[in-house]
Amino acid sequence: MKRIVCALVILLSNLHFLFAQNISDLDTFERSIKPRAILTYDVAIGEKKYQFIATIKTVGDKISFDWETKDPDNKKGTINVYANAVDSADAIFSDYSRGNTPIAEETALFISKKIFNDVVANAESNIKMGGAEDTATLMSNTISEFNFNLNGNLVSVPGWDMQGGTDVRYTLDVIESTKFPLITRLDIGWTMQLIEIRNP
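What you see is a predicted model; the values in this text were computed from it and never measured. (Residues numbered from 1 in each chain as written. Predicted model: local features only at pLDDT ≥ 70, side-chain atom pairs only at ≥ 80, totals over all residues. Heavy atoms only, no water.)

Chemist: When you look at the overall build of the protein chain in this model, what are you seeing that I'm missing?
Modeler: Within the protein chain one finds three helices and 11 strands. Its helices and strands taken in sequence order, the protein chain reads α-β-β-β-β-α-β-α-β-β-β-β-β-β from the N to the C terminus. Split into buried and exposed, the 200 residues of the protein chain put 45% on the buried side. A sequence separation of at least 24 residues applies to 44% of the contacts in the protein chain between residues at least 6 apart. (Helix = DSSP H or I, 4+ residues; strand = E, 2+ residues; numbered from the N terminus. Buried < 20%, exposed > 50% of the residue type's maximum accessible area, 1.4 Å probe, protein only. Contact = heavy atoms within 4.5 Å.)

Shown next, in the form of structure tokens:
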């Protein structure tokens with residue numbers, strides 16, 4: 001009996017430590033999301049692989065960032081997400097083939113407040129994964145955590161692993177942050193995976 005009690009105490013202590021660590025890493029993440037933060041994603045489109053790098057200009061009621069893709073894609077541009085999209089868009093922008101792009105009906109890199117609130121309330125949301133012209137897909141949430149490099153340290157941040165679709169299976173992984181619900185992984189037939197956030 002004593003062994004069982006001891007084992008339970010150790011297990012609960014470890015769980016408490018992991019939870020506290022995740023909350024600490026979430027705080028560190030939120031402090032890092034500010035102008036000049038550099039986000040690096042690995043992109044895979046079939047056999048084509050390259051890095052996508054976003055440098056945040058503004059974040060909050062509006063979102064803007066400069067972006068560039070490395071070899072062999074070699075493109076660059078600027079995304080400006082309008083306030084109404086940050087607040088209520090139900091679509092995800094993913095067409096990084098154009099240069100300077102204003103977005104009024106989609107969000108980029110982050111999900112909207114509407115999608116965030118839907119998931120908080122219902123553990124699911126209808127999302128147009130292929131952009132504003134796409135048909136909405138019901139994306140259901142599973143609680144998860146995501147690991148990536150943050151200013152040279154590996155962090156583990158709580159988030160949502162949302163999946164949906166029948167003919168095409170979509171994945172949308174998002175950090176569970178009211179302030180900055182950042183997309184860490186997008187899979188819509190090609191993938192985009194966060195590997196690093198760095199503050200200069």
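There is more to say, and it comes next.
Chemist: Would you mind going over the layout of surface pockets with me for this structure?
Modeler: To find leftover empty space, a probe the size of one water molecule is rolled over the atoms. For the largest pocket, the calculated volume is near 170 Å³. Taken together, 14 residues make up the lining of the largest pocket; nearest its centre are Val 86, Lys 113, Thr 178, Lys 179 and Pro 181. The biggest single contributor to the lining of the largest pocket is helix H3 (residues 113-122), with three residues. Here the residues of the lining of the largest pocket are counted per class, giving eight nonpolar, four polar and two charged. (1 Å grid on protein atoms, 1.4 Å probe; cavity = no way out; pocket = protein on both sides within 12 Å on 5 of 7 lines; lining within 4 Å. Points joined across faces, edges and corners; volume = space filled by probe spheres on them. Nonpolar A, V, L, I, M, F, W, Y, C, P; charged D, E, K, R; others polar.)

Chemist: I would appreciate a short explanation of empty space enclosed by the protein in the present structure.
Modeler: By the definition in use, this model includes one cavity of 30 Å³ or more. Of the voids in this model, the largest cavity is the one considered here, and its volume is about 50 Å³. Ile 92, Phe 93, Ser 94, Tyr 96, Leu 109, Ile 183, Leu 186 and Met 192 are the residues that line the largest cavity. In the lining of the largest cavity, the residues fall into seven nonpolar, one polar and no charged.

Chemist: What exactly am I supposed to notice about the nonpolar core here?
Modeler: Within soluble globular proteins, side chains that are nonpolar generally end up buried alongside one another. Counting residues in each nonpolar core, the largest one holds 52 residues, and the members touching the most others are Phe 29, Phe 52, Phe 65, Tyr 96, Leu 109, Leu 172 and Leu 182. Once you skip the residues sitting within four places of it in the chain, Leu 109 turns out to touch Leu 39, Tyr 41, Phe 52, Ala 54, Phe 65, Tyr 96, Pro 181, Leu 182, Ile 183 and Met 192. (Core = buried A, V, L, I, M, F, W, Y, C linked by side-chain atoms within 4.5 Å.)

Chemist: I would appreciate a short explanation of the packing of aromatic side chains in the present structure.
Modeler: All told, the structure shown has seven aromatic pairs when counted by the stated rule. Note on Phe 29 and Phe 148: the rings are 6.4 Å apart at their centroids and 75 degrees apart in plane angle, and the pair reads as edge-to-face. Remark: Phe 148 occurs in strand S7 (residues 137-150) and Phe 29 occurs in helix H1 (residues 2-32); sequence separation between them is 119 residues. For Phe 29, a relative accessible area of 0% translates into the label buried. With a relative accessible area of 3%, Phe 148 lands in the buried category. Judged by centre distance (6.2 Å) and plane angle (70 degrees), the rings of Tyr 41 and Phe 52 are edge-to-face. Of this pair, Tyr 41 sits in strand S1 (residues 38-45) while Phe 52 is found in strand S2 (residues 48-58), placing the two residues 11 residues apart along the sequence. With respect to burial, Tyr 41 and Phe 52 carry one shared label: buried. (Phe/Tyr/Trp six-rings, centres within 6.5 Å; stacked < 30°, edge-to-face > 60°.)

Chemist: Got a minute to help me understand the pairing of strand S6 (residues 124-127) in this structure?
Modeler: Along a regular strand, successive side chains alternate from one face of the sheet to the other. Here S6 shows a buried face lined by Ser 125 and Ile 127 and an unburied face lined by Glu 124 and Asn 126. Examined bridge by bridge, S6 and S7 share four bridges and lie antiparallel to one another. Bridge pairing in S7 places Glu 124 opposite Ser 140. (Pairing = 2+ DSSP bridges.)

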